[in-house]
Amino acid sequence: MRMFQVCTCGEPLQVSEAETPQPKGTEVLLKVLAAGVCHSDLHLADGYFDLGGGKKLSLAERGMKLPVTLGHENVGEVIAVGPEVKGVKVGQRMLANPWIGCGNCAACRRGDDNLCRAMRSLGVFIPGGYATHMIVPHPRYLHDIGDLPPERAAPLACSGVTTYGALKKVATLKNAIVVDIDDAKLAQAKKAGAKATVNGKAADAVQQIMKLTNEGAGAWAVIDVVGSSASARMGYDSLVKGGKYIIVGLYGGDLTVSLPPIPMRALTIQGSYVGSQHEMKELMELVRAKGLPDVPVATRPLDDVNKVHNDLRAGKIVGRVVLTPAA
Ligand SMILES: [Zn+2]
Ligand SMILES: [Zn+2]
């Protein structure tokens, strides 16, 4: 098998070869058909998250060991199964839920692997899909994609379930207003069904958001999929009384807020990390029933991974890019 790995933090990924593993116990071996590239992969390659104020959260301290094969948005074809595997057949095309916990703690027992304190996430702590082959530890993390194109299903594993998990934290869902700093991305959001769009670079972006929500009083909920100091400031400042600011993105930075307005305006600040086992299952059922959203998806060969990372870092990618390792 061939794979691309982080060998030194901050350096381009390096190609490597190894014997293709044989699945043991409950393991399933996939030939990787599609591996989505996610913005978090840039942080994983850098080796840290920016905590703001010059502080860093080191991924090595959180248990990431190098070299690591990245890629946490994967669809693969089952090519072999371990002797204890039930309910999965060779030839099935499966989405791998990468958000795998220890399996034993209280969070994992209720299906909240994403809240486990000893996560073994695919493409973070154990080898992911920037590779021709990958091992998934247990069939419970696999979801049959049926007739869906692998490259369009793959992003559901992170960007899809992360957004779904955040949306579930909003009590009442109304029309979405999309904020971005790139007009090309805003045009795509409009095409995909956004009620309105706001360019976050505008000096009056907060006022524009407020004008569009609750008769000028502000947004009932803001989902921040960037998670930078600037996006957090804008999101938090756009809330109506009783509103909720939900932070999902890991771009990095910090937010300073005055305390009295939190109780006086009954505001909620909530984090949302990827999705639970139940949310992944619900999302797959939703996609099977309603079809995939109209998000632009481009495919690139596995060997282009470093170029794709550079494009992503430069903000040049509209929608998602998915690598096709088995092609
Ligand atoms: Zn656990
Ligand atoms: Zn991701």
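Reading guide: rules and limits
- Residues numbered from 1 in each chain as written.
- Chains lettered and ligands numbered in written order.
- Predicted model: local features only at pLDDT ≥ 70, side-chain atom pairs only at ≥ 80, totals over all residues.
- Heavy atoms only, no water.
- Pairing = 2+ DSSP bridges.
- Helix = DSSP H or I, 4+ residues; strand = E, 2+ residues; numbered from the N terminus.
- Core = buried A, V, L, I, M, F, W, Y, C linked by side-chain atoms within 4.5 Å.
- Buried < 20%, exposed > 50% of the residue type's maximum accessible area, 1.4 Å probe, protein only.
- Contact = heavy atoms within 4.5 Å.
- Donors = N, O, S within 2.8 Å, 3.2 Å for Na, K, Ca; no water.
- Tetrahedral: all angles 85-135°; square planar, octahedral: opposite > 155°, others 65-115°.
- Arc of directions from axis to C-beta.

Caption draft 1: Focus on the sheet that holds strand S6 (residues 68-69). One open sheet holds the 3 strands; their spatial order is S2-S1-S6, and the pairing between them is antiparallel. Bordering the open sheet on either side are strand S2 (14-17) and S6, each of which pairs with just one other strand. Here strand S1 (residues 2-6) pairs with S2 via 4 bridges, running antiparallel. Residue pairing for S2: Phe4 is matched across the bridge by Val15.

Caption draft 2: Up close: the nonpolar core. If you look at the biggest cluster of nonpolar residues, it comprises 36 residues, and the most contacted ones within it are Leu13, Leu30, Leu70, Tyr130, Leu142 and Leu323. At the level of elements, S1, strand S3 (28-37), helix H1 (39-46), strand S8 (93-96), strand S9 (133-136), helix H10 (305-313) and strand S17 (320-323) are the ones that each hand at least two residues to this core. Ranked by the residues each element gives to this core, the list is headed by S3, at 5 residues. Sequence-distant contacts of Leu323, that is, excluding residues within four places in its chain, are made with Leu33, Ala34, Ala35, Val37, Tyr130, Arg300, Pro301, Leu302, Val305 and Val308. One finds Val75, Trp99, Ala154 and Val287 within the second-largest nonpolar core, a separate group that totals 24 residues.

Caption draft 3: Representation of the coordination of the zinc ion (ligand 2) in the model. Donor atoms from the polypeptide that bind the zinc ion (ligand 2) are Cys38 (SG), His72 (NE2) and Cys158 (SG), placed at 2.0 to 2.2 Å. Positions of the donor residues of the zinc ion (ligand 2) along the chain correspond to the pattern C-x33-H-x85-C. Of the two residues, His72 sits in the loop between S6 and strand S7 (73-81) while Cys158 sits in the loop between helix H3 (150-153) and helix H4 (159-167), which places them 86 residues apart along the sequence. Neither residue differs from the other here; His72 and Cys158 are each classed as buried.

Caption draft 4: Focus on the coordination of the zinc ion (ligand 1). For the zinc ion (ligand 1), the protein coordination sphere consists of Cys102 (SG), Cys105 (SG), Cys108 (SG) and Cys116 (SG), at 2.3 to 2.4 Å. In this structure, the zinc ion (ligand 1) is coordinated by 4 donor atoms arranged in tetrahedral fashion, with angles at the metal of 104 to 115°. Counting along the primary sequence, the residues that act as donors to the zinc ion (ligand 1) give the motif C-x2-C-x2-C-x7-C. Given the relative accessible area of 23%, Cys105 is considered partly exposed. The exposure class assigned to Cys108 is buried, which follows from its relative accessible area of 9%.

Caption draft 5: Structural detail: H10. Among the residues of H10, those classed as buried are Val305, Val308, His309 and Leu312. When H10 is viewed along its axis, its buried side chains cluster within an angular range of 100° and face the same direction. Lining the buried residues of H10 we find S1, S3, H1, strand S16 (297-300) and S17. Gly315, located one to two residues past H10, shows a positive phi value of around 75°.

Caption draft 6: Looking closely at the side chain of Thr132. Mapped onto the fold, Thr132 is located in the loop between helix H2 (106-109) and S9. Discounting chain neighbours no more than four positions away, the residues touching Thr132 are Met1, Arg2, Leu30, Lys31, Val32, Leu302 and Pro325.

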